[in-house]
Amino acid sequence: MPCDYFYKLQNNPQEEPLADAKNSQGQGTKLTVLLALVTLVSTFGSSFQYGYNVSVINSPAPFMQNFYNQTYMDRYGTYMDSNFRTLLWSLTVSMFPLGGFFGSLLVGPLVNNCGRKGTLLINNLFSIVPAILMGTSEVAKTFEGIILSRIIIGINAGLSSNVVPMYLGEMSPKNLRGAIGVVPQLFITIGILVAQILGLKSILGNREGWPVLLGLTGIPAAVELILLPFFPESPRYLLIQKGDEEQARKALQRLRGRDNVDDEIEEMCQEDQSEKQEGRLSVMNLCTFQALRWQLISIIVMMMGQQLSGINAVFYYADRIFESSGVEANAVQYVTVGIGAVNVVMTCLAVFIIELVGRRILLLVGFGMCCVSCAVLTMALNLQTSVPWMPYISIASVIAYIIGHAIGASPIPFVLITEMFLQSSRPAAFMVGGSVHWLCNFTVGLVFLYMQQALGAYSFLIFCVICLATVIYIFFIVPETKNKTFMEINQIMAKRNGVEVTVDKEELMDINTIPGTWNEKKEVTTNSSL
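Residues numbered from 1 in each chain as written. Predicted model: local features only at pLDDT ≥ 70, side-chain atom pairs only at ≥ 80, totals over all residues. Heavy atoms only, no water.

## So, the overall build of the chain
Per the secondary structure count, the chain includes 26 helices and zero strands. Split into buried and exposed, the 530 residues of the chain put 57% on the buried side. Sequence-distant contacts in the chain: of pairs separated by 6 or more residues, those separated by 24 or more amount to 82%. Of the roughly 21,500 Å² of accessible surface on the chain, 63% is carried by carbon and sulfur atoms. (Helix = DSSP H or I, 4+ residues; strand = E, 2+ residues; numbered from the N terminus. Buried < 20%, exposed > 50% of the residue type's maximum accessible area, 1.4 Å probe, protein only. Contact = heavy atoms within 4.5 Å. Areas by Shrake-Rupley, 256 points an atom, 1.4 Å probe, with all protein chains shown as cover.)

## What to know about the packing of helix 7 (residues 125–135) against helix 9 (residues 144–171)
Packing of helix 7 against helix 9 brings their axes to within 9 Å, and their N-to-C directions diverge by 160°. Classed by the angle they form, the pair helix 7 and helix 9 counts as roughly antiparallel. Read as a crossing pair, helix 7 and helix 9 show a hand that is left-handed. Across the interface between the two elements, Phe-126, Ser-127, Pro-130, Leu-133 and Met-134 of helix 7 pack against Gly-145, Ile-146, Ser-149, Ile-152, Ile-153, Ile-155, Asn-156 and Leu-159 of helix 9. Among the residues forming the contact of helix 7 with helix 9, the class breakdown is nine nonpolar, four polar and no charged. (Axes fitted to C-alpha atoms, helices over the stretch in contact; angles between N-to-C directions. Parallel < 35°, antiparallel > 145°, perpendicular 65-115°, else oblique. Left-handed = near helix turned anticlockwise from the far one by under 90°. Nonpolar A, V, L, I, M, F, W, Y, C, P; charged D, E, K, R; others polar.)

## A few points about the packing of aromatic side chains
The way to describe two aromatic rings as a pair is by their centre distance and the angle between their planes. As enumerated under the stated definition, the model contains 14 aromatic pairs in all. When the centroid spacing of 6.1 Å and the interplanar angle of 20° are considered together, the rings of Phe-48 and Tyr-52 count as stacked. Remark: Tyr-52 and Phe-48 occur in helix 3 (residues 33–55); sequence separation between them is four residues, near one turn of the helix. Tyr-52 shares its class with Phe-48; the two are buried. Relative to Phe-476, the ring of Phe-475 has its centre 5.1 Å away and its plane inclined at 90°; by these criteria the two rings are edge-to-face. On the accessibility criterion, Phe-475 (47% relative accessible area) is partly exposed. Members of the aromatic cluster, joined through ring pairs, are Phe-67, Tyr-68, Trp-89, Phe-143 and Trp-210. Positioned above the aromatic ring of Phe-486, the side-chain terminus of Arg-177 is 4.5 Å from the ring centre. (Phe/Tyr/Trp six-rings, centres within 6.5 Å; stacked < 30°, edge-to-face > 60°. Lys NZ or Arg CZ within 6 Å of the ring centre and 35° of its normal.)

## Quick word on helix 15 (residues 262–274)
Taking 1.5 Å per residue as the helical rise, helix 15 with its 13 residues ought to reach 18 Å, and the 18 Å between its terminal C-alpha atoms agrees with that figure. With 13 of 13 residues buried, helix 15 is to be regarded as a mostly interior element. (Expected span 1.5 Å × (residues − 1).)

## Some words on the pattern of salt bridges
In this structure the tally under the stated criterion is 14 salt bridges. With a shortest N-O distance of 2.6 Å, Arg-75 and Glu-144 are connected by a salt bridge. With a gap of 69 residues between them, Arg-75 in helix 4 (residues 61–76) and Glu-144 in helix 9 connect regions that are remote in the sequence. Looking at Glu-144, the relative accessible area reads 35%, which means it is partly exposed. As a salt-bridge pair, Glu-271 and Arg-236 come within 2.5 Å of each other at their nearest N and O atoms. (Salt bridge = Lys/Arg side-chain N within 4 Å of Asp/Glu carboxyl O.)

And the structure:
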């Protein structure tokens, strides 16, 4: 049965087996080689692909559109109408976030039935198959294969963007959970940068190289498919959802590099006992459950703020901003790579400072920088034709915006989804957060061109207002979660929700005399200093 440890504690009340573990917990658990390796393998095999496929079609777009046109000519003896060609290319771009939305809807059923690791392994099929289709599309003379592959690879990104933070967050000790939780976003930015570099016209962003550029996305998936089976499943999934304490303990011992993991087993059992009345929550249950009301609102607000804050618009405007500042057209692609490098460096910085300054500060500073940058950029774009030095202000605003998004708006919301929800509600929370993320991404891609045509540079004022509203919400509602257990965070949010969801450690020892049975109580209160 789960939590056999508490039987031993009940039978030997004078023993204090938690003492050494708690002392080590107070000092902070160190990053082990195994935890570092599973982080690298899962983020390279999954998160990296998300970033790679976001950016991979930007550079070869003219050559791919020519391929569409020539294929149509070979089939029907006439070239495409320009409107039809634009429609096909719009589908090629928009199918990726649409697939991401569908992938987010699959998160709950897959992680609950196949586990976190099992879902990531299955997800590799949604990368390898489209990689083959896209890599052979020119030889097969089928642009339909590319469009179909984009929605399949979108499903892969939708799953990986949710499951990887969940998997790593559940395996990480509380003093490293934030830093490890930012690593998936780091590998997303690395994926974007690698796609930008390989997409240079001198490498693969040309008429001959674009099929290879698209097909390379299968390599990280193959690496993960080979290596990930050697790493453990999430201990929380094994103990709380599967009821297998022995395997959960073995997994924790491997991940922590020590035999005594009783402190974390106890904390998981507290969580398990606290959730017995709830059961496993569906998305519908989550949306109507009072005890999780503010957590749900918070992740929706942060995910909307993340995608509606103008990140895609800034990248869209970046090329023309650099050109207006005197950068030659042929050199703009290298400047874009430089912006991608800034994104990587600042996200890497977030990995190292998140446990020092906390999640809340990074969110406020990140969205605040985005807000100010959008306001300044609006002014600079409107004055750059009349003021000679104003284009340089535009460049500085773009760089400041990228820095703000990289340290706060991009990585932290996914970390907080893991931390603000317990095991029974976490999959449903990721489904909601992921769906909002991808729907907003899709919406911005759909309406931004129309908004830009109507408002021009004043489009950034809308993004400025959205960033400001997100900052105000975070300041008043979102708590700091640094170095807190999931149960401690749950208690903080319970007060805001007007409910009491707590656990008394002594009551966890109050086990029925019949082995394998817990005493279930309608309300559990705490005397511990959580």
